[in-house]
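Residue-level structure breakdown
Now for the letters of each chain:
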Amino acid sequence: MITDGTRTTLLRRAAMNNAAWCDAVCRAHGTAPQYDGERLWFSTRRTPPVYPDAVTLEPTVSAGSVVRGVDIASPGCSVKDSFADLDLAGDGFEVLFEAQWIHRPAGDPLPEAEGEAAGLEWSEVADAEELAAWEAAFDDHGGDRLFRPALLRDGIVFLAGRAGGRIVAGAVASTGGGVVGVSNLFGAAWAGVLAAVADRWPELDVVGYEHGEDLEAAVRAGFTAIGPLRVWLSAR
């Protein structure tokens with residue numbers, strides 16, 4: 001049973017971890033985000049596609065302090081409301097989606113891979129060429145790549161599950177906030193990803209966020225939903 005105090009601590013760590021990952025992606029694209037102490041992460045310049053312009057890091061951050069630091073004049077501004085306690089409707093935003101933060105304690109028994117996932121071979125992406133192949137398997141959108149080689153550094157690991165040498169599943173695991181955050185999961189990946197994370201960082205809890213069927217899959221893999229978040233998108 002997770003107490004309220006422990007839950008709040010875990011939510012803060014999950015938000016800090018997510019902000020650190022967003023920060024790394026933005027810096028790989030040449031932007032320079034900032035932290036407002038331990039309250040808020042934000043970027044004054046538009047962030048890469050699907051990445052937020054701000055992430056709240058603790059409850060009760062005011063809407064005014066969030067919108068002050070981001071570019072709401074141009075289209076596409078988004079805010080990750082990590083504690084689902086902001087009201088940005090008056091600032092021209094609408095809720096894009098809602099999700100649940102998830103948590104899995106270090107040392108918990110690992111799930112077993114089932115079906116086709118049981119035969120996957122897992123490894124870490126080692127170089128720019130493999131990273132391009134990983135991203136093509138994740139989302140073959142063409143055009144400019146979202147995940148730059150600068151992300152291949154300490155504390156960030158792109159995990160690839162291969163069948164016959166071809167990448168068919170994967171995820172990103174990143175440290176920050178005293179936990180390991182798992183994001184960008186695709187394929188039947190939880191068993192392989194969690195085994196790789198436990199091997200590399202056995203002492204760290206695992207966090208992330210999911211919704212819908214992806215949340216159900218995470219719960220089956222041993223995660224617990226610990227609290228809601230919202231992502232707001234500027235309607236301007």
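Quick note: structure is the one above.
Residues numbered from 1 in each chain as written. Predicted model: local features only at pLDDT ≥ 70, side-chain atom pairs only at ≥ 80, totals over all residues. Heavy atoms only, no water.

Quick look at the packing of aromatic side chains
- For the structure shown, the criterion picks out 13 aromatic pairs.
- Taken together, a centroid distance of 5.4 Å and an interplanar angle of 75 degrees make the contact between Trp134 and Phe186 edge-to-face. With Trp134 in helix 3 (residues 128–138) and Phe186 in strand 9 (residues 179–186), this residue pair connects regions lying 52 residues apart in the sequence.
- Here Trp134 falls in the buried class, since its relative accessible area comes to 0%.
- For Phe186, a relative accessible area of 10% corresponds to the buried category.
- A centroid spacing of 5.6 Å and a plane angle of 70 degrees characterise the contact between Phe147 and Phe158, whose relative ring orientation is edge-to-face. Of this pair, Phe147 sits in the loop between helix 3 and strand 7 (156–163) while Phe158 sits in strand 7, and the two are 11 residues apart along the sequence. (Phe/Tyr/Trp six-rings, centres within 6.5 Å; stacked < 30°, edge-to-face > 60°. Helix = DSSP H or I, 4+ residues; strand = E, 2+ residues; numbered from the N terminus. Buried < 20%, exposed > 50% of the residue type's maximum accessible area, 1.4 Å probe, protein only.)

Some details on the sheet that holds strand 1 (residues 34–36)
- In spatial order, the strands read 1-2-3-4-11-5-10-9-8-7-6; together these 11 strands make up an open sheet with mixed pairing. Across the chains shown, the open sheet's two edge strands, defined by having one partner strand only, are strand 1 and strand 6 (121–124). With strand direction ignored, the average angle separating the axes of adjacent strands in the sheet is 25 degrees.
- Bridge count for strand 4 (residues 78–81) against strand 11 (residues 224–234) is four bridges, and the pairing is antiparallel. When the sheet's bridge partners are listed, Val79 is paired in strand 11 with Trp232.
- Running at roughly 105 degrees to strand 8 (residues 166–176), helix 3 makes contact with strand 6, strand 7, strand 8 and strand 9 of the sheet.
- Of the strands in this sheet, strand 5 (93–104), strand 6, strand 7, strand 8, strand 9 and strand 10 (206–210) touch helix 4 (residues 190–200), which is tilted by about 155 degrees from strand 9. (Pairing = 2+ DSSP bridges. Axes fitted to C-alpha atoms, helices over the stretch in contact; angles between N-to-C directions. Contact = heavy atoms within 4.5 Å.)

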